[in-house]
Amino acid sequence: LWLRLWLRLWLRLWRRRRRRVTMGIKPTRGWLKGALVPAASEHEEQRSLCQWLDLRGYLYCAIPNAGRRSPRLASRLKAEGMRRGAPDLVLFECGRLQDRRPVVIEMKARGGGVSAAQDKFHTAARLRGWNVIVAYGAADAIEQLAGLGL
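J.: It is not clear to me how the overall build of the chain should be interpreted in this structure. Could you clarify?
T.: Within the chain, the regular secondary structure consists of 5 helices and 4 strands. In the chain, which comprises 150 residues, the proportion classed as buried is 26%. Across the chain, the fraction of contacts at a sequence separation of at least 24, relative to all contacts at a separation of at least 6, is 59%.

In C-alpha cells, the structure reads:
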C-alpha cells in the first residue's frame, strides 16, 4: 500500500516537471535569464483578455463548455442548448466595429489546435456573417480585435 502511494506521488511529480519542461519558455532578459518559466495556460490567457475587455467596458460573455461533468448534468446542459465546438467568448460590440458584426473568440494555448467540432462551428458562424477569431494568447486576441476596429 505504501509503495503504491509513493509511486503514485512520484509519477505525479515527474509528469508535472516534464509538462513544465515541454511547455515552458526561456526568457532572454532579466533576472530569470536562462530559467525555465511555465507557459501561460488557456485559462490564464482568457482571464487576461477578459480583464482587458472589462477595462474598456465591452459587453461580452464566456461560454463554459470545458470541464468534466456527470452524465446527468451533461444531458441537462445539452437539452438547455450547450453545443460542441462553441467558442470561448462572444463579444457583442457590433456598433463599435467597422463592419458592425458580432465577434466570437476561440482561445487556444500555445501549441493547441482547433478541433473538428470547433471548425464546423466557426464555419457556420462565418456563413451567418459573424467575425471569428482564433487567438493563441491574450496579446494575439487583442491584436486581432484591433484589426477589426476595436
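Let's pick the thread back up.
J.: Just checking my understanding: could you explain helix H5 (residues 138-148) for this structure?
T.: Two residues of an α-helix separated by three or four positions point the same way, owing to the 3.6 residues in each turn. Three or more residues of H5 are buried, namely Ala138, Ala141, Leu145 and Leu148. When H5 is viewed along its axis, its buried side chains cluster within an angular range of 75° and face the same direction. Across from the buried face of H5, at angles greater than 90 degrees, the exposed residues are Ala139, Glu143 and Gly147. Tucked inside the fold, the buried residues of H5 contact helix H2 (42-56), strand S2 (89-91), strand S3 (103-107) and strand S4 (131-135).

J.: Would you mind going over the packing of H2 against H5 with me for this structure?
T.: Pairs of packed helices are described in terms of their axes, by the angle between the two and the distance that separates them. The contact between H2 and H5 brings their axes to 8 Å, and the two run at 40°. Between H2 and H5, the angle is such that the two are oblique. For the pair formed by H2 and H5, the contact residues are Glu45, Ser48, Leu49, Trp52 and Leu53 on the first element and Ala138, Ala141, Ile142 and Leu145 on the second. Each residue belonging to the contact of H2 with H5 can be placed in one class, and the counts come to 7 nonpolar, 1 polar and 1 charged.

Cut-offs applied
- Residues numbered from 1 in each chain as written.
- Predicted model: local features only at pLDDT ≥ 70, side-chain atom pairs only at ≥ 80, totals over all residues.
- Heavy atoms only, no water.
- Helix = DSSP H or I, 4+ residues; strand = E, 2+ residues; numbered from the N terminus.
- Buried < 20%, exposed > 50% of the residue type's maximum accessible area, 1.4 Å probe, protein only.
- Contact = heavy atoms within 4.5 Å.
- Arc of directions from axis to C-beta.
- Axes fitted to C-alpha atoms, helices over the stretch in contact; angles between N-to-C directions.
- Parallel < 35°, antiparallel > 145°, perpendicular 65-115°, else oblique.
- Nonpolar A, V, L, I, M, F, W, Y, C, P; charged D, E, K, R; others polar.

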